[in-house]
Amino acid sequence: MLRRLAIAAVAATTVATAAIAQDTAAESPALPDIASVPPRIGIAMHGEAKYAEGFTHFDYVNPQAPKGGWLRLLALGTWDTFNPYITRGTPAAGLGMLYDTLLSNAEDEPFTEYGQVAESVQVPDDRSWVAFNLHPQARFHDGEPIKPEDVIWTFEFLTQKGDPLYRFYYGSVARVEKTGDRQVTFVFDGTDNRELPLILGQLPVLPKHYWEAEGNDPAASTLKPPVGSGPYRISHFEPGRYITYERVPDYWGKDLPVNVGRYNFERIRYDYYRDSTVGLEAFKAGAYDLRVENSAKNWSVGYDFPAFRQGLVKKETFENDLPSGMQGWVMNMRRPQFQDARVREALAYAFNFEWTNATLFYGLYARTRSYFDNSELSATGLPSPEELALLEPLRDQLPDRVFTETYAPPAGDPSGNIRDNLRKAFGLLQEAGYEVDPRTRKMVNKETGRPLTFEILLVDPVFERVSLPFVENLKTLGIDATVRTVDTAQYINRLRSFDFDMTSTVWGQSLSPGNEQREFWGSDAATHEGSRNYAGLQNPAIDRLIELVIQAPDREALVTRVRALDRALQWQFLVIPHWHSPVQRIAYWDKFGFPEARPMRGIDLMAWWVESAKDRQVAAEQKKAQEENPLPADGGDPAAPAPAR
């Protein structure tokens with residue numbers, strides 16, 4: 001599934017190519033008997049939805065939460081466009097708040113969606129089509145009603161002119177048509193894809209009338225604030241420095257059950273910092289209110305400052321049941337030096353996680369071994385009989401070790417001594433046709449004499465402290481590896497065009513994997529710039545396992561199929577796995593209230609609120625901190641309560 005994040009509301013990722021038939025009835029499937037299927041308020045990926053018709057709000061929100069106040073957040077890097085749906089430019093953080101989607105996710109269910117722009121949905125048991133019945137009150141910010149034509153226009157724009165990922169993601173849609181004054185129907189191409197109705201429910205609805213007006217090009221980068229439909233609109237901004245959103249006072253959807261108790265902040269502002277270390281110092285100075293802390297060192301020793309000691313800044317961990325996903329150094333198999341799996345396996349022996357965790361991370365992390373760690377989806381032990389039934393027909397396309405061994409990344413040593421691991425790496429490199437040139441002491445290909453070298457591409461200087469010890473271990477093997485840190489724009493462009501040897505990246509995973517796996521690992525995605533198949537993996541067995549995941553008829557089958565896919569991916573040696581934390585670490589100035597209930601999919605910041613008495617006390621301390629540690633004026637948001645970088 002594709003998740004819309006609560007803080008940044010990221011744009012879509014995803015999956016398999018197919019042309020959309022638009023010409024004659026002979027080329028498109030016939031329209032179904034829509035009237036024979038009763039409408040419902042929501043749909044679950046598997047089983048029944050938790051909330052019944054007539055529910056008033058989600059269980060993890062406070063329906064009486066007060067409105068008002070500011071939420072100020074950190075963003076790293078830069079931005080230069082308000083258009084997140086194309087490959088040009090770097091979009092600003094938070095743009096997902098501008099547009100409502102057809103349906104809205106419930107954070108306390110694995111994958112269930114309820115009505116938003118669509119007040120109800122009709123879908124048959126075989127999920128071969130889906131019809132969305134638009135809410136009669138749904139409006140864009142300029143007052144224009146949201147119509148089926150807007151949904152169809154959005155779909156066609158995204159799949160024809162938008163980011164290529166959308167063509168993969170919606171590739172199984174064969175036909176889309178207006179089937180009523182407030183109804184739009186998507187008919188599928190016959191592929192068994194039970195997730196697709198929910199995937200279409202995540203479609204943001206863009207205003208056709210706005211983007212077809214003279215001077216507005218939906219396929220171009222833009223700094224003109226667009227017309228939206230969601231709970232927030234753009235208020236003030238300075239490209240590359242900050243962006244502020246204000247709550248829409250007459251937001252049409254504020255009383256919908258999926259929105260009650262949410263979107264409580266009057267304004268949400270993202271301040272941009274080039275460096276996370278500087279960002280932490282700005283937080284201490286009161287320049288913004290809340291940060292998700294991804295640095296174990298910062299979490300352990302970085303918050304000893306007056307406001308924290310006084311209790312005005314809090315640190316809290318939030319548990320969740322989400323898969324950790326995979327973070328690691330990914331090797332680009334489009335490069336010749338990484339096309340041999342033995343080379344990829346060997347390089348992992350040069351990373352000493354145990355030393356890194358003890359020395360740099362204060363022992364706070366667990367080693368990642370699965371693409372779905374921290375969940376029931378993770379493959380453990382040897383394949384179960386149910387997994388073997390899926391894997392056996394693919395045996396000739398998979399490594400034998402998938403069937404006979406339990407994968408685990410190489411274990412290092414907290415002392416830093418990994419000589420045994422380096423000996424194993426050396427043996428694998430010899431098997432792959434490499435040897436050490438006695439004259440240069442460099443690892444070279446026996447046939448070509450070409451040295452084994454590569455560059456590790458980074459975007460955050462903080463990650464250099466992890467990468468450089470890895471590079472030193474590689475030098476012991478005679479491998480010349482270099483580290484290069486670039487700015488955000490260059491990094492994004494190089495990733496999109498697969499212009500890197502090795503880089504550190506993250507593939508996020510959900511409790512209900514599906515279409516996005518095609519874009520992560522599918523053979524088709526490997527050839528399309530802009531996909532997230534960074535490794536360049538092309539394997540028909542992986543393709544088949546992905547389709548089995550997408551076609552899973554129930555939760556039990558999904559778990560089995562994801563485990564089989566996980567197992568097959570582990571033995572491809574696509575990445576050198578890093579680490580993960582089973583909790584979210586959040587530091588915040590103590591001005592917020594939040595519900596006691598914690599949804600399984602992690603905190604929903606949009607369900608937090610500002611408590612006015614605390615806010616006044618915090619504001620006074622932030623002002624004092626900024627006087628003692630002055631930061632440059634923000635340059636243009638007159639309503640901002642405190643200066644930003």
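Residues numbered from 1 in each chain as written. Predicted model: local features only at pLDDT ≥ 70, side-chain atom pairs only at ≥ 80, totals over all residues. Heavy atoms only, no water.

Trainee: Explain the pairing of strand β7 (residues 173-180) here, please?
Mentor: It is a general feature of regular strands that their side chains alternate between the two faces of the sheet. Of the pairings in the sheet, the one linking β7 to strand β8 (residues 183-188) comprises 6 bridges and is antiparallel in character. Bridge pairing in β8 places Lys-178 opposite Val-184. Between β7 and β8, which follow one another and run antiparallel, lie 2 residues. (Pairing = 2+ DSSP bridges. Helix = DSSP H or I, 4+ residues; strand = E, 2+ residues; numbered from the N terminus.)

Trainee: What is the right way to read the sheet that holds strand β21 (residues 575-577) from this model?
Mentor: Consider a sheet: its strands pair through backbone hydrogen bonds, and that pairing is either parallel or antiparallel. The sheet built from 5 strands is open, its strands ordered β19-β18-β20-β14-β21 with mixed pairing. Both edges of this open sheet fall to β19 (480-485) and β21, since each of them pairs with a single strand only. Within the sheet, the average angular offset between the axes of one strand and its neighbour, ignoring direction, is 35 degrees. Relative to β21, strand β14 (residues 326-331) is paired through 3 bridges, and the arrangement is antiparallel. Of the residues in β21, the one forming a bridge with Trp-329 is Ile-576. In the packing of helix α13 (residues 464-476) onto the sheet, contacts are made with β14, β18 (453-458), β19, β20 (502-507) and β21, and the angle to β19 comes to roughly 165 degrees. Relative to β18, helix α14 (residues 488-496) is tilted by about 125 degrees, and along the sheet it contacts β18, β19 and β20. (Axes fitted to C-alpha atoms, helices over the stretch in contact; angles between N-to-C directions. Contact = heavy atoms within 4.5 Å.)

Trainee: Even after reading the chapter, I still don't get the environment of Trp-211, so can you show me in this structure?
Mentor: Following the sequence through the fold, Trp-211 ends up in helix α4 (residues 208-211). Remark: the alpha-carbon pair of Trp-211 and Arg-335, spanning 124 residues in sequence, is separated by 41 Å. The residues touching Trp-211, leaving out its near neighbours within four places in the chain, are Tyr-99, Trp-153, Leu-206, Asn-216, Asp-217, Pro-218, Thr-222 and Pro-226.

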